[in-house]
Amino acid sequence: MPLSTNGKVPSVTFQLNGKLIETRGDETILQAADRNGVTIPRLCYKDGYRPDGNCRVCMVEIEGERLLAPSCCRRPTEGMKVASASDRAKKSQALVAELLLADMPSQGKSPYRSESELDRWAAWLGIEKPRFSQREQWKPDLSHPAMAVNLDACIQCGRCVRACREEQVNDVIGWGGRGEHAKIVFDLDDPMGVSSCVACGECVQACPTGALMPSNGVGLVTPDKKVDSACPYCGVGCLLTYNVKDNKILYVEGRDGPANRSRLCVKGRFGYDYVHNPKRLLKPMIRKEGVVKTTELIDPDAMWDSFREASWDEALDVAARGLREIRDEHGPQALAGFGSAKGSNEEAYLFQKLVRTGFRTNNVDHCTRLCHASSVAALLEDIGSGAVSNQVADVAQADVAIVIGANPTGNHPVAATFMKNAAKAGAKLIVMDPKRSDLARHATYYLQFNGDTDVALLNGLMNVIVAEGLVNEDFIRERTENFEALKVSVAEYTPERVAPITGISAQTIREVARLYATAKAAMIFWGMGVSQHIHGTDNARCLISLALMTGQIGRPGTGLHPLRGQNNVQGASDVGLIPMLYPDYRRVDNPDVRAKFEAFWNTKLDPKAGLTVTEITNAAYDGIIRGMYIMGENPAMSDPNVMHAREALVKLEHLVVQEIFLTETASYADVILPATAFPEKTGTYTNTDRRVQLGRQALDPPFDARQDWWIIQEVARRMGLDWKYAGPADIFEEVRLAMPSMGGITWERLERESSATYPLRREGDPGEPIVFIDDFPRAGGRGLFAPAKYTHADEMPDQEFPYIFTTGRQLEHWHTGAMTRRASVLDALEPEAVVSVHPDDLSALGIEPGGVITLESRRGKISAYARADSGVARGTFFMPFVYNEAAANLLTNDAIDPFGKIPEFKFCAVRPSKGEKVAAAIL
Amino acid sequence: MDTIDLINVNAPLGTAARPASSGDVARKKKKRREGRGRPVDPAALAEVRALLGGEPRRRDHLIEHLHKIQDRYHCISAAHAVALAEEMRLAPAEVYEVATFYHHFDVVKEGEERPPAVTVRVCDGLPCELNGARRLLALLQSGGYGDKARIVSAPCIGRCEAAPAVLVGQNALGAATVADVDASLAQSRLTHPIPDYIGLQKYLAGGGYRMLKDCLGGARNVEDTIATMESSGLRGLGGAGFPAGRKWRIVRGEAAPRIMAVNVDEGEPGTFKDRWYLERDPHRFLEGMLIAGWAVGIDEIFIYLRDEYAHIRQILGDEIAALQANPPVPLVPIHLRRGAGAYICGEESAMIESIEGKRGIPRLRPPYVAQVGVFGRPTLEHNMETLYWVREILERGGEWFASQGRNGRKGLRSFSVSGRVQRPGVHLAPAGITVRELIDEFAGGMLPGHEFYGYFPGGASGGILPASLGDVPLDFDTLNSYGCFIGSAAIIVLSDKDSAKDAALNMLRFFRDESCGQCTPCRIGTAKAVALMESGNWDRPLLDDLSKVMVDASICGLGQAAPNPFLCAMKYFPGEFA
């Protein structure tokens, strides 16, 4: 925890080395000294961490005190006289450094990093050869692919322990033993590589001597440059610094961003060498004449059998000509585009503008359809806005937080750290999920309810809140409508009725309902476990109703937070990469809105809402859509019932794919345009918190790969559009003109501050981290209660397919694996296709843990390794959809939610069998 | 679980991709089976659940639960550690670090040998060492006990009056011989006989708990009671000597709920007074404790007892239960907590950490435990003996206690006397008595053939004084100018057959072994001091330098006082350095 800089603490005046100093806030002697240019050595102290005061190198002399005091922990009092450079203080500082140096390898400089803090302070204190003998040394532990543990350089300062336990709350590192044998340990003093370490690397970032360092000896290499940027992976939006040498990323450090406070996860810290992967696409490619498309994936090693190299001019001409001809021959509705939630706001904006003004259709969508479309549908319907009401870090203000249908420790790891911090500080977490995640250990209540019964469970909670008179009547009266209908609807969902459906006892349902309803401030987080059902919109409606009926919204520590998946899924949606919405969520079928955009873009626009992802796939399958432009999306892996999607892609007459690798989807391309990876470009990205953040280019793109915005523009020009954007800053200017909600955010401000929260309408505004304080952006300003009935999944288990199959993600991999399976550390950590199975189910099926299991649904069949996981409910198989050798989506059901049009990735029926062979990955 | 070869998987400098290694293959197989970390073994989990029964799974019970596993299985297997973590919703590292901090838990991982069912602990404290403990240890270690018993040396077990002392299981043997140990093992006498003490009925018959009833019944008021304690001049008898009455007043002034923590972790080498009193009159302590609880407004009491005193655990457990079954007054919750072999837990804040189920790591002050103690609540912490005197002081008046004393000092002190004297034991004597008077009047004089040479006035921490300073009054404050202190009043008497240098080394080894390891000056300082002292020819300027950082910059009293033995040896026994 950082020291409070709470302005309420009265300042005091004290003397430091004879100089009068007035304190600011709650600062320590060390902080006051730093602010006044007085140097005091420190080792166990790390800015932002709880000061621990164990190393004793920062000792100062305080007049009237018998002993010296650690300046990192002591707060000055009025009139205190402190000496940091007295003989006595200096003596202790120097001896501490000498004792620590005596135990270093060779009693000298750290062999593991060139900027060891101990070396620096020892030199500052004038320590040369230590006079003491060296300790018996620890052996190195090099078992982890990403980090080297060399405890012979450990000074037992415990920064790594605080990193692991107090910052990230992963609780892997401990202090084994005691006294001179006290040792940093992982789990039960296990090798790091087999421990429960999640490789967030916070310990490495915290270590002052290099005892914990990234592998590859990078600590001894001086980077050419450090580039402040952002993480390309999830929606948390961590800010970071790329350390670059010879156009390669040496290592990455977390930066003190508002969403990550210098924290990162394994992907954001160690998941970067995909950009240097030898299989990057380096030249434009065109499908060879006569090579027929089949549903078979193309092995990148054999791609020259199917494609030929082309110049950019030729490739762009062919790409655009194909699209143009289809448009002109079959009409605009025969075209569609999938943009990317991984690209920048500027790229997404250009992409939707190209489809709307160049293709002349609204058939543009992206993977938001597959993740939170139902959440957004419910949010827009009930409270008028699809974005989060409160930011993740606001959980620190909450007394209670519900986390439902989400696995943040795996999928939003840094967001999860804030939830765990809150739990450690006394907030009560209520985790509801059929699959137990690491977060459950920190929860006051963990409800492992039966999959697919969300509506029953949530209606049960609301039933209790109504029945026990725990509703917030003032809030309901003043700020909502349609409560009576909801009340009637939840009346039948008594805890006793809901208990057998959900598997959660009536008593627990009552306790949880009371806890949430009576909290001073309670927040709700949810993920795809809520949204990816055919009743996903109903699930989200229930969560919204829960917040509305208790008035748990519009204040700090309250509200609704659907955790966004991709780093820019929020931004891509904001800027209109959605078939029915223009930038800023304005409906394409509203004539007034359309007129404005027709004027803004100076062209006629399609008045009809476009097709969504799954609808586009079906339309392609049916031959209605004939040409597509897909940028940075991978429907050949990510769509449900993916063989159907692959068949649809095969049927396309013309497919342009803009990618950095030969993805599964690129197997079906006619033209492939080699694009840039995140660290190779500059742009803005909007995180789950509505923070617009700047990613800066750190690397030159490899060989002939080009900037994505440039590629889109070149296609647009060849489609007849007169575009002359000069670059991301130029495009951003148009984006903010198109979007009043972020109209006040300037490029200069982002360059200066890296991050700004919208709504931010006028330049200079601070931004609004909490929204809906006074009203909801619906007509009349009231929130709507939308009652929901409990229904079943589309495909229930039966005699033929008796088990439940559910999909999701895992910590080490990103979605369809295009990046992470080509990142060496991540691949080393999770190299193979695994299905998580309850150990008792494994026994029942006669399969050994680690053995091969084959799963078959009505749509497909896959084989993978069976991993024992007691967190999975019995009768259920869980699988990440990242492995193309056993693509989970070959099994999933493409039934969709009627409102959000989101497929039911979370529930289908399968039949297991033992054995068979796991296919080889195609990478 | 597979052990991964510690092959260097690091790629050459600056290369982006890493090559595969044999470690990858093992990890891959592990990941197929179980993912990250150690899976919970269902059988071990069932065993842990059976052992824990209906006991709370709260974190502060971790050490208690580890004892249950250690007692039953004679070790903490990795499977049990992981299962216990699962059951208590802790991380495996949280269980492991606590289990490995305390001497009395044996964590045994896959492929490691389980210790024998019986552990024989041979005390290596100075009084025992003076009485042949090393020889006894060597004999036992070469005794071929095999898997029947394991022989280890142990820090002071608090039986210095009967040196050399040995624990066979939980059975303490005084003036122990190999034959005694063999007999205990052969007859499976592994628990200590319960001495004949004053039980509840007898204590009540002698007027016991009348004072407590008076207090709670309104016959006495809090203000007068605290005033009496203040006027008695009673100071904390654990060693720090903070005035008891003033402490009551301070904690009473803090916000409720308030907690009391009683320190019976008597571990200072040479000290055994708390054991001595509890073996005789436990209710006198309990009554004092309850009176203090009433006066200060305490809501919950924790008694922290060192694990070596198993028979006291039985006595206190039985007598607290008897009291709770027939409470003379309404009682607040009383918890008896079991230490696990860590001298540092006698330090008040380390004890609080241990009560909370953690490693015994002293806390930085401020804040003081009176403000922020057990579970973050204001805490009244007392040594057992301080509370032991409460009843008598209230019965006889503060002036009675204050009128005791000699050489201008006030009060009584329970001296734990050991070493080269005729009658070692606990001797209640006037505060301010000199060591020569104590030896002659109370301890029966020096052993035949031994000439008084020097003494430790306050256990391991209080320094060493030469015979020439044998006439200094022994009390709080009187020894400060000599660089010494009385502490827990553990007097270890050395004779002309002994060496201050050797005695100092014994004590430094103790400090090294018992340092919690938290702060640099103590963790490394004690180890370097031992290394310098073991080299025979002490580097006296370097030791002097080292002592400065240890005294000035250590977090707690252990590190601050640890240099006292070698500083005194160099200062007062120059002859040994000739």
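Residues numbered from 1 in each chain as written. Chains lettered and ligands numbered in written order. Predicted model: local features only at pLDDT ≥ 70, side-chain atom pairs only at ≥ 80, totals over all residues. Heavy atoms only, no water.

**A few points about the overall build of chain A**
What counts, and what does not: Where helices and strands are cited, they refer to DSSP runs of H or I of at least four residues and of E of at least two residues respectively, numbered from the N terminus. This radius of gyration counts C-alpha atoms alone. The globule rule is 2.2 Å times how many residues there are, raised to the power 0.38. Whether two residues are in contact is decided by their heavy atoms: any pair within 4.5 Å suffices. Using a 1.4 Å probe, the Shrake-Rupley method yields the accessible areas, and only the shown protein chains count as cover for residues. Residues scored as charged are limited to Lys and Arg (positive) and Asp and Glu (negative), so that His and the chain ends carry no count. Charge positions are represented by NZ for Lys, CZ for Arg, CG for Asp and CD for Glu.
Along its length, chain A carries 29 helices and 37 strands. Since a compact globule built from 923 residues should have a radius of gyration of about 29 Å, the 29 Å found for chain A is in line with a globular shape. Once the C-alpha set of chain A is aligned to its principal axes, its extents read approximately 90 × 70 × 65 Å. Residue pairs at least 24 apart in sequence account for 72% of intrachain contacts in chain A once pairs closer than 6 positions are excluded. Carbon together with sulfur atoms contributes 50% to the accessible area of chain A, which is approximately 29,700 Å² in total. Between the centroid of the 105 positive side chains of chain A and the centroid of its 118 negative side chains there is a distance of 3 Å.

**Side note on the side chain of A:Ser116**
All names here are of chain A. Put simply, the rule is: Any pair of N or O atoms that falls within 3.5 Å is considered a polar contact. Within protein, one atom must be able to donate a hydrogen and the other to accept it, and sequence-neighbouring residues count only if both atoms are side-chain atoms.
Secondary-structure assignment places Ser116 in the loop between α2 (87-102) and α3 (117-124). From its side chain, Ser116 meets the backbone nitrogen of Leu118 in a polar contact 3.2 Å long. The residues touching Ser116, leaving out its near neighbours within four places in the chain, are Ser110, Pro208 and Thr209.

**Looking at the sheet that holds strand β16 (residues 364-365) of chain A**
Each strand in a sheet pairs with another by means of backbone hydrogen bonds, the pair being arranged parallel or else antiparallel. Residue and element names in this part refer to chain A. So the rule is basically this: Strands are treated as partners if at least two bridges between them are detected by DSSP. Lines fitted to the C-alpha atoms define the axes, with helices restricted to the stretch that makes contact. Angles between their N-to-C directions range from 0 to 180 degrees.
Spatially, β14-β13-β27-β26-β25-β15-β16 is the arrangement adopted by the 7 strands of the open sheet, whose pairing is mixed. Each having just a single partner strand, β14 (307-309) and β16 make up the two edges of the open sheet. Bridge analysis of strand β15 (residues 335-338) against strand β25 (residues 627-631) gives 4 bridges, and the strand direction is parallel. Across the sheet, Phe338 pairs through a bridge with Ile630, a residue of β25. Seen against the sheet, helix α8 (residues 345-359) touches β15, β16 and β25 and runs at an angle of roughly 175 degrees to β15.

**Quick notes on unusual backbone geometry**
Peptide bonds are trans in most cases, and residues, glycine excluded, mostly fall at negative phi. All names here are of chain B. Cis peptide bonds are those with omega within 30 degrees of zero, and the linkage from Arg365 to Pro366 qualifies with -5 degrees. Of note, Pro366 is situated in the loop between α16 (348-355) and β10 (379-383). The step from Pro366 to Pro367 runs through a cis peptide bond, and the omega angle for that step is 0 degrees. With respect to the element layout, Pro367 can be found in the loop between α16 and β10.

**Here's the deal with the interface of chain A and chain B**
One frequent convention defines the size of an interface as the accessible area lost when the parts assemble. Put simply, the test is: Here the quantity called buried area is the accessible surface, traced with a 1.4 Å probe, that two parts lose on coming together, added over both. For salt bridges, the criterion is a side-chain nitrogen of Lys or Arg within 4 Å of an Asp or Glu carboxyl oxygen.
Listed per partner, the contact involves 87 residues of chain A and 77 residues of chain B. Together, the buried faces of chain A and chain B total about 6,500 Å²; carbon and sulfur atoms form 54% of this surface. On the chain A side of the interface with chain B, the three residues burying the most area are A:Arg178, A:Leu188 and A:Asn216, jointly 14% of the side's total. Along the contact surface separating chain A from chain B lie 13 salt bridges. B:Arg32 serves as the salt-bridge partner of A:Glu832, at 2.4 Å between the closest nitrogen and oxygen. Seen at the junction of chain A and chain B, the total is 36 residue pairs in polar contact (both at pLDDT 80 or more). For the side of chain A that touches chain B, the elements supplying multiple residues, two or more each, are α2, β7 (173-176), β12 (248-254), α28 (824-829) and β35 (861-868) of chain A. In terms of residues, the side of chain A that touches chain B owes the most to one element, α2(A), which gives 8 residues.

**Regarding the side chain of A:Ser229**
Put simply, the test is: Partly exposed residues are those whose accessible area sits between 20% and 50% of the maximum for their type, while under 20% is buried and over 50% is exposed, using a 1.4 Å probe and protein chains only.
Inspection of the secondary structure puts A:Ser229 in strand β10 (residues 225-230). Owing to a relative accessible area of 0%, A:Ser229 belongs among the buried residues under this scheme.

**Here's the deal with the pairing of β12(A)**
Residue and element names in this part refer to chain A. In the sheet, strand β11 (residues 239-245) pairs with β12 via 6 bridges, with the strands oriented antiparallel. Each bridged residue has a counterpart across the sheet, and for Val244 the counterpart in β12 is Ile249. The turn linking β11 back onto β12 is made up of 2 residues, and Asp246 within it adopts a positive phi angle of 50 degrees.

**Details of the sheet that holds β35(A)**
Residue and element names in this part refer to chain A. Sheet architecture is closed into a barrel: 6 strands sit in the order β32-β36-β33-β35-β34-β37, paired in mixed fashion. Between one strand axis and the next, the sheet turns by 45 degrees as a mean value, whatever way the strands run. Relative to strand β37 (residues 908-914), strand β32 (residues 803-808) is paired through 3 bridges, and the arrangement is antiparallel. Bridge pairing links Ile804 to Ala909 in β37.

**Quick look at helix α22 (residues 613-621) of chain A**
Listed as buried for α22(A) are A:Val613, A:Thr614, A:Ile616, A:Thr617, A:Ala619 and A:Ala620. Positive phi shows up at A:Gly623, right after α22(A), with a value of about 80 degrees.

**Thoughts on the pattern of salt bridges**
Residue and element names in this part refer to chain A. Across all of its chains, the model carries 118 salt bridges over all chains by this definition. A salt bridge links Arg718 to Asp317; the nearest nitrogen and oxygen atoms lie 2.6 Å apart. Here the residue Arg718 occupies a position in helix α25 (residues 708-718), and Asp317 occupies one in helix α7 (residues 312-330), the gap between them amounting to 401 residues. Judged by relative accessible area, which is 35%, Asp317 ranks as partly exposed. Where Arg762 meets Asp765, a salt bridge forms, and the shortest distance between an N and an O atom there is 3.7 Å.

**Description of the packing of helix α3 (residues 62-73) of chain B against helix α5 (residues 92-101) of chain B**
Residue and element names in this part refer to chain B. Here is the rule: Each angle gets one of four labels, with under 35 degrees taken as roughly parallel, over 145 as roughly antiparallel, 65 to 115 as roughly perpendicular, and the rest as oblique. Put simply, Ala, Val, Leu, Ile, Met, Phe, Trp, Tyr, Cys and Pro go in the nonpolar bin, Asp, Glu, Lys and Arg in the charged bin, and everything else, Gly too, in the polar bin.
Packing of α3 against α5 leaves a shortest axis separation of 11 Å and a crossing angle of 75 degrees. Between α3 and α5, the angle is such that the two are roughly perpendicular. On α5, the residues touching Leu62, Ile63 and Leu66 of α3 are Glu94, Val95, Val98 and Ala99. Residue classes in the contact of α3 with α5 are distributed as 6 nonpolar, no polar and 1 charged.

**Some thoughts on the packing of helix α10 (residues 373-383) of chain A against helix α19 (residues 536-550) of chain A**
All names here are of chain A. Convention followed: Handedness of a helix crossing follows the sense of rotation of the near helix relative to the far helix, less than a right angle counterclockwise being left-handed and clockwise being right-handed.
Between α10 and α19, the least distance of the axes is 8 Å, while the angle of their chain directions is 45 degrees. Between α10 and α19, the interaxial angle falls into the category oblique. Crossing angle aside, the handedness with which α10 passes α19 is right-handed. Taken together, the residues of α19 that come into contact with α10 (itself represented by Ser374, Ser375, Ala377, Ala378, Leu379, Glu381, Asp382 and Ile383) are Gly536, Thr537, Ala540, Arg541, Ile544 and Leu548. Taken together, the residues of the contact of α10 with α19 sort by class into 7 nonpolar, 4 polar and 3 charged.

**Quick look at the environment of A:Ala833**
All names here are of chain A. Positionally, Ala833 belongs in the loop between α28 and β33 (834-837). In the structure, Ala833 is positioned 636 residues away from Cys197 in sequence and 20 Å away in space, judged by C-alpha atoms. Here Ala833 is in contact with Ala864, Tyr865, Met879, Tyr883, Glu885 and Ala886, once residues within four sequence places are set aside.

**Some words on the packing of aromatic side chains**
Formally: Paired rings are identified among Phe, Tyr and Trp, the last through its six-membered ring, by centres lying within 6.5 Å, and are further divided according to the angle between planes into stacked (under 30 degrees), edge-to-face (over 60) and tilted (the rest). As a reminder, the over-ring test applies to NZ of lysine and CZ of arginine, requiring each to be within 6 Å of the ring centre and within 35 degrees of the ring normal.
Enumeration according to the criterion identifies 34 aromatic pairs over all chains in this entry. Sitting over the face of the ring of A:Phe776, A:Arg479 holds its NZ or CZ atom 4.6 Å from the ring centroid. One residue, B:Arg540, lies across the ring of B:Phe577, its end atom 4.7 Å from the ring centre.

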